[in-house]
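Next come the chains, spelled out residue by residue.
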Amino acid sequence: MANKQNFTPEEWRQVVESVMLSGIAVSAADPSGLWGTLKEGFASSSALKAAKVDANSNELILAAVAEFETPQGRSDIQQALRERFAGAHPAECVERSLTGLKKVSTILDAKAPDDAAAFKAWLCTISQKVAAASVEGAFLGFGGQRVSYAEKATLADIAESLGTTA
């Protein structure tokens with residue numbers, strides 16, 4: 001089983017950052033306004049909490065979740081995200097997220113081949129939960145759709161970036 005020690009510090013930062021990138025890509029694909037963004041952020045954090053108690057979570061997933069539980073880990077992730085998305089518009093955030101996920105896919109395949117598929121599937125699950133968290137295109141609570149076309153396309157792009165099936 002792979003864990004933090006299987007990676008260089010830079011690789012580990014990218015692996016942990018990918019947890020956030022999987023949700024950010026979907027959120028940026030079709031920005032949902034204040035309430036929608038809050039719901040999507042909550043969906044992402046809920047996925048982290050759920051992984052802690054999921055019997056299917058492998059050691060690599062649990063190590064990534066543990067990184068978010070430390071002040072230093074959260075600070076490092078926030079700094080990395082600030083650097084990645086400095087001055088970016090939503091479309092650029094999607095592209096930068098997908099680029100980061102492609103790199104992580106390569107890192108996981110090389111450094112944690114036995115755990116890569118489960119970790120990538122978990123990232124896809126996070127992005128799906130974020131996509132379904134808020135109704136897109138609604139007006140005063142009426143109409144709209146649970147997952148927009150832009151989000152569906154981004155979910156497919158995420159799966160492709162990770163080398164998995166949607």
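Residues numbered from 1 in each chain as written. Predicted model: local features only at pLDDT ≥ 70, side-chain atom pairs only at ≥ 80, totals over all residues. Heavy atoms only, no water.

Caption draft 1: Highlighting helix α7 (residues 149–162). Look at α7: 20 Å from first C-alpha to last across 14 residues, which is about the 20 Å you get at 1.5 Å a residue. Buried within α7 are the following residues: E151, T154, L155, I158, A159, S161 and L162. Buried residues of α7 fall within an arc of 160 degrees about the axis and therefore sit on the same side. Residues of α7 that are exposed and point more than 90 degrees away from the buried face comprise Y149 and E160. (Helix = DSSP H or I, 4+ residues; strand = E, 2+ residues; numbered from the N terminus. Expected span 1.5 Å × (residues − 1). Buried < 20%, exposed > 50% of the residue type's maximum accessible area, 1.4 Å probe, protein only. Arc of directions from axis to C-beta.)

Caption draft 2: Local environment of the packing of aromatic side chains. What the rule picks out here adds up to two aromatic pairs. With centroids separated by 5.7 Å and ring planes inclined at 35 degrees, the aromatic side chains of F7 and W12 adopt a geometry described as tilted. Centroid distance F119 to W122: 5.4 Å. Interplanar angle 70 degrees. Geometry classified as edge-to-face. Taken together, the residues F119 and W122, both in helix α6 (residues 113–132) and three residues apart, mark about one turn of the helix. No difference in accessibility class separates F119 from W122, as the two residues are buried. (Phe/Tyr/Trp six-rings, centres within 6.5 Å; stacked < 30°, edge-to-face > 60°.)

Caption draft 3: Expanded view of the environment of A63. Secondary-structure assignment places A63 in helix α3 (residues 59–68). Residues A63 and K52, spaced 11 residues apart in sequence, show a C-alpha to C-alpha distance of 9.7 Å. Contacts of A63, omitting those with residues within four sequence positions, involve K4 and W12. (Contact = heavy atoms within 4.5 Å.)

Caption draft 4: Quick peek at the pattern of salt bridges. Applying the stated criterion to the full structure yields seven salt bridges. Here K52 ties to E69 by a salt bridge, and the two come within 2.6 Å at their closest N and O atoms. On the criterion of sequence distance, the pair formed by K52 in helix α2 (residues 33–53) and E69 in the loop between α3 and α4 (71–85) is long-range, its members being 17 residues apart. Under the relative-accessibility criterion, K52 is labelled partly exposed at 47%. (Salt bridge = Lys/Arg side-chain N within 4 Å of Asp/Glu carboxyl O.)

Caption draft 5: Representation of α3. Most of α3 is tucked away, with seven of its 10 residues classed as buried. Among the residues of α3, L60, I61, A63, A64, V65, E67 and F68 are the ones counted as buried. Measuring from the backbone nitrogen of L60 back to the side-chain oxygen at the start of α3 gives 3.1 Å, which picks out N58 as the cap. (Polar contact = N/O pair within 3.5 Å; in protein donor to acceptor, adjacent residues only side chain to side chain.)

Caption draft 6: Region of the structure containing the nonpolar core. Judged by nonpolar contacts, the single largest core of 46 residues is most densely connected at F7, W12, V19, L108, F119, W122 and I158. At the level of secondary structure, the elements contributing two or more residues to this core comprise α1 (9–29), α2, α3, α4, α5 (90–111), α6 and α7. Apart from the residues within four sequence positions on either side, I158 is in contact with S22, A25, V26, L98, L101, C124 and S127. (Core = buried A, V, L, I, M, F, W, Y, C linked by side-chain atoms within 4.5 Å.)

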